[in-house]
2 protein chains.
Amino acid sequence: MTNIRKVAELAGVSVATVSRTLRTPDVVSPGTRDKVLAAVEQADYRPNLTAVQFRSQRTRNLVVLVPIIANTFFARVIGGIQEAAQRRGYGILLCNTLGDERTERAYAGLVSTRQADGLIQLRAYDPFTTSSGQARPPMVNACEVLDAAPCPTVKLDNRAAARAVTEHLLALGHRRIGMIKGPRNSPLTRDRLLGFQDALAAAGLMPDESLWCPGDFTPPSGHRAAGELLSRADPPTAIFCESDEMAMGAMRRIKEAGLRVPEDISVAGFDDIAFASFCDPPLTTIAQPAEDFGREAVALLLDIIDERGDAAYEHRIMPFELVIRESTGPAA
Amino acid sequence: MTNIRKVAELAGVSVATVSRTLRTPDVVSPGTRDKVLAAVEQADYRPNLTAVQFRSQRTRNLVVLVPIIANTFFARVIGGIQEAAQRRGYGILLCNTLGDERTERAYAGLVSTRQADGLIQLRAYDPFTTSSGQARPPMVNACEVLDAAPCPTVKLDNRAAARAVTEHLLALGHRRIGMIKGPRNSPLTRDRLLGFQDALAAAGLMPDESLWCPGDFTPPSGHRAAGELLSRADPPTAIFCESDEMAMGAMRRIKEAGLRVPEDISVAGFDDIAFASFCDPPLTTIAQPAEDFGREAVALLLDIIDERGDAAYEHRIMPFELVIRESTGPAA
DNA sequence: CCTTTAGATGTAACCGGTTACATTTAAAGG
DNA sequence: CCTTTAAATGTAACCGGTTACATCTAAAGG
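Residues numbered from 1 in each chain as written. Chains lettered and ligands numbered in written order. Predicted model: local features only at pLDDT ≥ 70, side-chain atom pairs only at ≥ 80, totals over all residues. Heavy atoms only, no water.

- Going by an unreviewed UniProt entry, chain A carries the name Transcriptional regulator CytR and comes from Salinicola corii.

## Here we look at the protein's contact with DNA strand D
Part 1: Taken together, 28 residues lie near DNA strand D, and Ser-19 and Arg-23 of chain A together with Thr-17, Thr-32 and Arg-55 of chain B sit nearest.
Part 2: Sugar and phosphate atoms represent 49% of those atoms of DNA strand D found within 4 Å of the protein.
Part 3: Interatomic distance of 2.6 Å between a side-chain N/O atom of Arg-5 of chain A and a base nitrogen of DNA strand D.
Part 4: A distance of 2.9 Å separates a phosphate oxygen of DNA strand D from a polar atom in the side chain of Ser-29 of chain B.
Part 5: For the surface near DNA strand D, the secondary structure elements donating two or more residues are helix H1 (4–11), helix H2 (15–23) and helix H4 (49–56) of chain A together with helix H2 (15–23) and helix H4 (49–56) of chain B.
Part 6: Grouping the constituent residues of the surface near DNA strand D by class yields 13 nonpolar, nine polar and six charged. (Near = heavy atom within 4 Å. Polar contact = N/O pair within 3.5 Å; in protein donor to acceptor, adjacent residues only side chain to side chain. Helix = DSSP H or I, 4+ residues; strand = E, 2+ residues; numbered from the N terminus. Nonpolar A, V, L, I, M, F, W, Y, C, P; charged D, E, K, R; others polar.)

## Let's talk about the relation of the copies chain B and chain A
A rotation about an axis combined with a shift along that same axis relates the two copies of the chain.
Part 1: Superposition of chain B onto chain A requires a rotation of 180° combined with a translation of 0.0 Å along the rotation axis, giving an RMSD of 0.1 Å. Here the transformation between the copies is reduced to the relation of a two-fold axis. Taking C-alpha positions as reference, the residue of chain B nearest the rotation axis is Leu-93 of chain B, located at 2.3 Å. (Least-squares fit on C-alpha atoms with pLDDT ≥ 70 in both.)

## A short note on the pairing of strand S4 (residues 139–142) of chain A
All names here are of chain A.
Part 1: Taking every second residue as pointing to the same face, both faces of S4 are buried, with Met-139 and Asn-141 on one and Val-140 and Ala-142 on the other.
Part 2: By the bridge criterion, three bridges tie strand S3 (residues 118–121) to S4 in an arrangement that is parallel. Paired with Leu-119 across the bridge in S4 is Met-139.
Part 3: In terms of strand pairing, S4 meets strand S5 (residues 153–156) through two bridges, oriented parallel. For Ala-142, the partnering residue across the bridge sits in S5 and is Val-154. (Buried < 20%, exposed > 50% of the residue type's maximum accessible area, 1.4 Å probe, protein only. Pairing = 2+ DSSP bridges.)

## Concerning the UniProt feature "domain: HTH lacI-type" (unreviewed entry) in chain A
Part 1: Under the UniProt annotation, the feature "domain: HTH lacI-type" (unreviewed entry) is placed at residues 2–56 of chain A.
Part 2: End C-alpha atoms of residues 2–56 of chain A are separated by 20 Å, and the span's content is 71% helix alongside 0% strand. (UniProt positions renumbered as here; feature names shortened; annotations may be inferred.)

## Focus: the sheet that holds strand S9 (residues 266–268) of chain B
Working definition: the strands of a sheet are paired by backbone hydrogen bonds and lie parallel or antiparallel to each other.
All names here are of chain B.
Part 1: Taken in spatial order, the four strands make up an open sheet running S7-S6-S8-S9, and their pairing is parallel. Each having just a single partner strand, strand S7 (212–214) and S9 make up the two edges of the open sheet. For this sheet, the mean angle separating the axes of adjacent strands, direction not counted, is 15°.
Part 2: Across the face of the sheet, helix H9 (residues 219–230) comes into contact with strand S6 (177–181), S7 and strand S8 (238–241) while running at roughly 150° to S6. (Axes fitted to C-alpha atoms, helices over the stretch in contact; angles between N-to-C directions. Contact = heavy atoms within 4.5 Å.)

## Digging into the environment of Pro-138 of chain B
Residue and element names in this part refer to chain B.
Part 1: Mapped onto the elements of the fold, Pro-138 is located in the loop between strand S3 (118–121) and strand S4 (139–142).
Part 2: Separated by 169 residues in sequence, Pro-138 and Glu-307 have C-alpha atoms that sit 9.8 Å apart.
Part 3: The contact partners of Pro-138, leaving out residues within four places of it in the chain, are Asp-117, Gly-118, Leu-119, Leu-301, Ile-304 and Ile-305.

## Re the domain arrangement of chain A
Residue and element names in this part refer to chain A.
Part 1: Each domain of chain A was delimited in the assignment, giving domain 1 (4–47), domain 2 (61–155 + 290–318) and domain 3 (158–289).
Part 2: Using C-alpha coordinates to define each centre, domain 2 is positioned 29 Å away from domain 3.
Part 3: Domain 2 puts 15 residues into the contact, and the matching count from domain 3 is eleven residues.
Part 4: Across the domain 2 to domain 3 interface the summed buried area is about 1,100 Å²; carbon plus sulfur atoms make up 50%.
Part 5: Among the residues of domain 2 in contact with domain 3, Thr-72, Phe-73 and Glu-144 are the three that bury the most area, contributing 39% of the side total.
Part 6: Along the contact surface separating domain 2 from domain 3 lie one salt bridge.
Part 7: For the salt bridge of Asp-147 with Arg-190, the shortest nitrogen-to-oxygen distance reads 2.8 Å.
Part 8: For the pair domain 2 and domain 3, the interface holds eight residue pairs in polar contact (both at pLDDT 80 or more).
Part 9: For the side of domain 2 that touches domain 3, the elements supplying multiple residues, two or more each, are helix H5 (72–87) and helix H11 (290–305).
Part 10: At four residues, the largest contribution of residues to the side of domain 2 that touches domain 3 is made by H11.
Part 11: Of the residues that constitute the side of domain 2 that touches domain 3, the class distribution is seven nonpolar, two polar and six charged. (Domains from an automatic or database assignment. Buried area = accessible area lost by both parts, 1.4 Å probe. Salt bridge = Lys/Arg side-chain N within 4 Å of Asp/Glu carboxyl O.)

## A few points about the protein's contact with DNA strand C
Part 1: Thr-17, Thr-32 and Arg-55 of chain A together with Ser-19 and Arg-23 of chain B are the nearest of the 28 residues found near DNA strand C.
Part 2: For DNA strand C, the fraction of protein-proximal atoms (within 4 Å) that sit in sugar or phosphate groups is 49%.
Part 3: With respect to DNA strand C, the side chain of Arg-55 of chain B contributes an N or O atom lying 2.9 Å from a base nitrogen.
Part 4: Secondary-structure elements contributing two or more residues to the surface near DNA strand C are H2 and H4 of chain A together with helix H1 (4–11), H2 and H4 of chain B.
Part 5: Considering only residue class, the surface near DNA strand C consists of 13 nonpolar, nine polar and six charged.

Below you can see the structure in the form of structure tokens.
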């Protein structure tokens, strides 16, 4: 491997001059600069990044913990993270945690062990064991956010979004509205449920908990949950699903039962994934700026890493948009 | 930051003993071992990974170049890569290249600059400029594979898979079969087209190139392509799409034209993404073992890195399965 | 022509581990 | 009790850059 000493020898200068030519060219005289660059070219020299990282104590890597990369929404968020990180000269170390806390802590260790400069967590869990005295490694929590996050956060106003969907369904005349929720202990689920109840309360309706089914954001779970709702004596006339993936599962189940969407049952989703406008019927849903979640998270994280952030952690609320398509219609 | 010297001091031993206690505990006497481990605990010491990587010239990181992470199929492949890498103690540096060769070469540079030990490329492009004399960095090419790849490869027998789909459509009585292809210059597209033609030829049919439309694997491109096919004077009775995402776009377009799937037009996809069994109607498609592509790629790559591979590069062909659902039916 | 001073370059310490080699310690054998 | 030998531990070089500080060069000013 060609190293800086070989290049220095080739150019007839010291290693310091080679290093300066590459890092701070303006302090090197033009003549020397040309000699060095020619030698770099000739030797096909590239600085050993591990040495640079080691010496400078900066890796320019960010760890990203994602619950399930196969989830279309998270994949988009990661796309945004990757794009923003790359533009700022950072790489991303990806970890598909599948919600396993041991894995999350192991990867978080990459920050503690200085193999990455910071961490983005897309789930409501703090992977850093708070050993007293130790400084907290730079971290940002995005998408599903801890209630008392010890770091900046980026999230949607899930409560308002769920309220908007529900109000849309109420406006269509629906009174028995089923809900296919996310996992029980998720803040996301809780907030969306609150928004759902807000809308019902504003319309003077009592919430009926027997119409709430838990899911896990995947199509099969939506399929199963819809089955449960349909098997009731008095099934709902509309179903609000906390993810488009579950909504697609639910619509399939509804059709299997010989019912039509939206004529017999309206279905609304959440996320506005790429397939939402192509499924049958196209899905009414909440559009989230997935890529922006990622970009924003990177921006906040780099603020901390570069110590541009002063004291208080920022908590960003991203905008949502109710996208009305054809899966919701007037109550029968 | 606590370093190995502090721990050594705390334990009353030399830095070498601390290092040995952590790397090769069996060469350290039990008594010393306990002392050192206690000191490690007390100081909350974790070795600086950048120093370890620098010294050992091994990073235990792999670069993964993925064309579009938002593509459901690739997301699954990455899931497999991540899982296999993690199990073997490797991290992954992810790059969403969007097909940009400059980006790909930049990330490939992470291997040349020793920030990663190897690279997995999911697209048919060799990011390493072959500077003569230089040893090729370890690389594996998976999914979409170069014809004369200078490395191990993992792929599907796309030709046979496409032939299987086409034979299924022919068996249903279809004679005018449209095809929504992938990008023009992709080996994937070419091989699937060959398989398509194989089946037609075996059935004694002449291929009709006017029924082939290019797409880019996304739902909107399938939607557009289907529109073109439907606008012909004599539209096809079946459409074979090179991806499920395009198939979903195509089905939407067909319904928008007031036609039914499969009664009026059959549609087949490729990939068997999670939504394939939940769209309407459930999609006939080719199931690919996406996660296995990733696992296999990691295994082959680590073989090279650990120099277990002898001379010849292995070229793995992964199995496919024709999954017949409800989007294909007898020709009208 | 000498002194001052800014700019260019060189020297070498340093980052935090790993490990070859040297040295010390302890156990075994005579 | 002394010698031999293996096991345990210590010393210090090394990985490849960066950069503080020292030194040298040359232009400017007196």
